[in-house]
Amino acid sequence: MTFHKCNNPDPSTCAPWCGKDLRKARVLSIFFDPPMAIARVGSSKEPMPAYRWKMDEDPHHGMQTMIVPAPSLTRESIRGNGHHPYKLKVTQDAVIHFKDDKGRIKPVAPFFELWARLQDLDGQVYAVPVTEDLLKRYHADLRSLEFTVSAGNRKAEARVKDAACAVIAHKVFHADSYKSHHLDAISPHTEGQVPMARPDAPVPLGKVQTFMPNFDDWSCKTRLDQIRLRFTPGKGDSFGPPEASQAIASARQPGDFEPEITEYGRIHKMTKPENRILSSDTPWLGYSFGHDDTPKWPTPMDSYDGARVGPGHSWGLIDDTCDLIITARLAVNGHLLTAQARSFAGPPDFAPDKRPMYSIQDELEDRELPLQEPDLDTTPDEILDLFRRIFETASLVNLDQRRAWATGGNASLISSESPDNPHWDDGISPKLGPASMRRRDKPYADLVPDYTPGQGETRVPVSGDDDRLPYTQVVQQVHARMADSPVLRAFLTRRPDRVRELVRPPFAKLSDLPKRVGIQKPAEVPVGKWRVTGVMPDEASDKPPLRYRDPREVMDQTYDMRMPPYMRHSMGVPLTITRRQYTLLLAYLDKLETDPEWRKPVMPEPTGDHA
């Protein structure tokens, strides 16, 4: 058996398996690609088309990331009546629209492709798409392939520690079931427990679907006959009990910060009347994170509806975001093969053209891969890309709010004095209170005091008509320059020690943490050893060695102006770049100081009209 004739116009770019005879290959395993994907809720019936990031290097625009359309898989009704079964075709929009014609947000609905890992008689191992033809080769069919999809929202359960306050959907179907399988979630419960979501009123968490094969314009680049499963998340609705009708909004004006407990304000509708379907007699309705002093999880503790109003009791609301586990089971030659993939449905991306400082990929690589060695051909571009992503992240942050929040939290953590007292952190460096990012915050504060002369040592900034967010404006101006390659390289070459002291070290690996907190110190960072006294370094730095941070140390839990300033990690501690990013940056600084080859300016080759 061979695959269909490929229509790829350039055979040299074909996939490794294209045209192979699979009659003597054996199946080792199956897997999903991607193994993990992010979905985003939206009420439109049109899923979000694919797009990719591209650097806009137009000097009139500055160095910015832009989004451009990419090829997308679009479903098409086989019968032409708009109903299942559907097949897929490849399309590409001329312009990206995040909302449909009615102004509804398009959901991000990821695909999961099923692949098989095969081995030839000569021992060569390669991956091929799982198709109906491939299943027939191994005396199986689409009925032999079973999908199990479990979706759950356990946010309320995590707080009240009661499984009857979770909502769970579970679907099992075969690969030839081409209809939409709706993930209607209910609450698990035993005798005597009140389920938050009843079977007669489930919470819709989205749907999953498979597609019929499409052999039109067959190509190994698209493989439209490959078995794919698509997860379309919910609409982004909230659900509550009958009591969830009206609520008090905060009296704060848009743009203000420092949230406070609100006793009055504008009345607004909590949920749609048709979504008031949850049970009233559950511990989630009326829950309060402040009812005792026990540690609360997840953090932040007050991130539920009702937490900042009156006594802080929960209004009993949940949304239709969820976590999803997809399992595929296939019996081949007496062996059961299993594959799993995961998806997470979250809110829409409010800034899709801005890249995060680090991605899920960076996080996983930081856990699994060794530290990087600097490479003259790749490291300068990697560091430039890191600083551009840092700028894009910084351009979305209200630094004035983060600074006021962080310094107030520092005072609560280590001081009994008023958080507005500019001297409560005397003797501490970096500064943790109102003096943070001001003149006394030496050697860390450099440009900010000069750029914000009207700001004193106050926790909440003094805002005027022309500078409502003074710290936010400054950080964007400073980081915008670093997005330009020659400027960044010149700064790193000229002031490497400035970078070393200004970038917050990441937390150490578990193996690098001391057994006794406060007595022993975490491991030293293995790079960042030189200082410049002339044109070339002639001695190692006389400063204490840079060390990783210890999450058990109180001072390592405090926020300061080191980069990224005052930003919060999801674990409730100060955010840093990853260990791999941090050590590569320091290794790059070492190379700029010690190796003249690394300091040579890089001139781009002329292209296009400039050739």
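Each remark here, short or long, concerns the structure printed above.
Residues numbered from 1 in each chain as written. Predicted model: local features only at pLDDT ≥ 70, side-chain atom pairs only at ≥ 80, totals over all residues. Heavy atoms only, no water.

Undergrad: Kindly report on the nonpolar core, identifying the contributing residues and their values.
TA: Phe32, Leu118, Phe147, Leu183, Phe231, Trp284 and Ile318 are the most contacted members of the largest nonpolar core, which has 65 residues in total. Broken down by element, this core gets its largest block of residues, 6 residues, from strand β18 (residues 322-332). Among all residues touching phenylalanine 147, those that are not within four sequence positions of it are Phe32, Lys171, Val172, Phe173, Ala175, Thr210, Ile227, Leu229, Thr327 and Ala328. The next biggest cluster of nonpolar side chains, apart from the first, holds 32 residues, and it includes Val499, Leu513, Met567 and Leu584. (Core = buried A, V, L, I, M, F, W, Y, C linked by side-chain atoms within 4.5 Å. Buried < 20%, exposed > 50% of the residue type's maximum accessible area, 1.4 Å probe, protein only. Helix = DSSP H or I, 4+ residues; strand = E, 2+ residues; numbered from the N terminus. Contact = heavy atoms within 4.5 Å.)

Undergrad: I'd like to hear about helix α7 (residues 470-481), residue by residue, with values.
TA: Over its 12 residues, α7 runs 18 Å from end to end, which matches the ideal 16 Å to within 8%, given 1.5 Å per residue. Looking only at α7, the buried set comprises Pro470, Tyr471, Thr472, Val474, Val475 and His479. Buried residues along α7 sit in contact with α4 (379-394), α5 (399-414) and α6 (448-451). (Expected span 1.5 Å × (residues − 1).)

Undergrad: Break down the side chain of arginine 579 for me, citing the residues and quoting the values.
TA: Residue position: arginine 579 is located in helix α10 (residues 579-594). It is aspartate 366 that comes nearest to the buried, bridge-free arginine 579 among opposite-charge side chains, at 4.0 Å. Residues contacting arginine 579, with those up to four places away along its chain left out, are Asp366, Leu371, Pro506, Phe507, Lys509 and Tyr548. (Lys, Arg positive; Asp, Glu negative; His and termini not counted. Salt bridge = Lys/Arg side-chain N within 4 Å of Asp/Glu carboxyl O.)

Undergrad: I'd like a description of the packing of aromatic side chains, backed by residues and values.
TA: Under the criterion given, the structure shown has 11 aromatic pairs. On the basis of an interplanar angle of 75° and a centroid distance of 6.3 Å, the ring pair of phenylalanine 289 and tyrosine 304 is categorised as edge-to-face. Highlighted residues: phenylalanine 289 in the loop between β16 (267-269) and β17 (318-319) and tyrosine 304 in the loop between β16 and β17, separated in sequence by 15 residues. Accessibility expressed as a relative area gives 8% for tyrosine 304, which makes it buried. Ring-pair connections join several aromatic residues into one group, and the members of that group are Trp284, Tyr287, Phe289 and Tyr304. Of note, arginine 137 hangs over the ring of tyrosine 138, and the distance from its end group to the ring centre comes to 4.5 Å. (Phe/Tyr/Trp six-rings, centres within 6.5 Å; stacked < 30°, edge-to-face > 60°. Lys NZ or Arg CZ within 6 Å of the ring centre and 35° of its normal.)

Undergrad: Which residues make up a negative patch on the surface, and what values do they have?
TA: Among the surface-exposed residues, Asp375, Asp377, Asp381 and Glu382 lie close enough to one another that they form a single negatively charged patch. Summarising the element assignment, aspartate 375 is placed in the loop between α3 (360-368) and α4. (Patch = residues over 30% accessible without salt bridge, like charges linked within 9 Å, V, L, I, M, F, W, Y side chains within 5 Å. Areas by Shrake-Rupley, 256 points an atom, 1.4 Å probe, with all protein chains shown as cover. Charge placed at Lys NZ, Arg CZ, Asp CG, Glu CD.)

Undergrad: With reference to specific residues and values, describe the packing of α4 against α7.
TA: Direction vectors running N to C along α4 and α7 enclose 160°, while the axes themselves pass 9 Å from each other. With respect to their mutual orientation, α4 and α7 come out roughly antiparallel. Crossing handedness for the pair α4 and α7: left-handed. Judged by residue contacts, Ile390, Phe391 and Ala394 of α4 engage Val475, Gln476, His479 and Ala480 from α7. Split into classes, the residues belonging to the contact of α4 with α7 amount to 5 nonpolar, 2 polar and no charged. (Axes fitted to C-alpha atoms, helices over the stretch in contact; angles between N-to-C directions. Parallel < 35°, antiparallel > 145°, perpendicular 65-115°, else oblique. Left-handed = near helix turned anticlockwise from the far one by under 90°. Nonpolar A, V, L, I, M, F, W, Y, C, P; charged D, E, K, R; others polar.)

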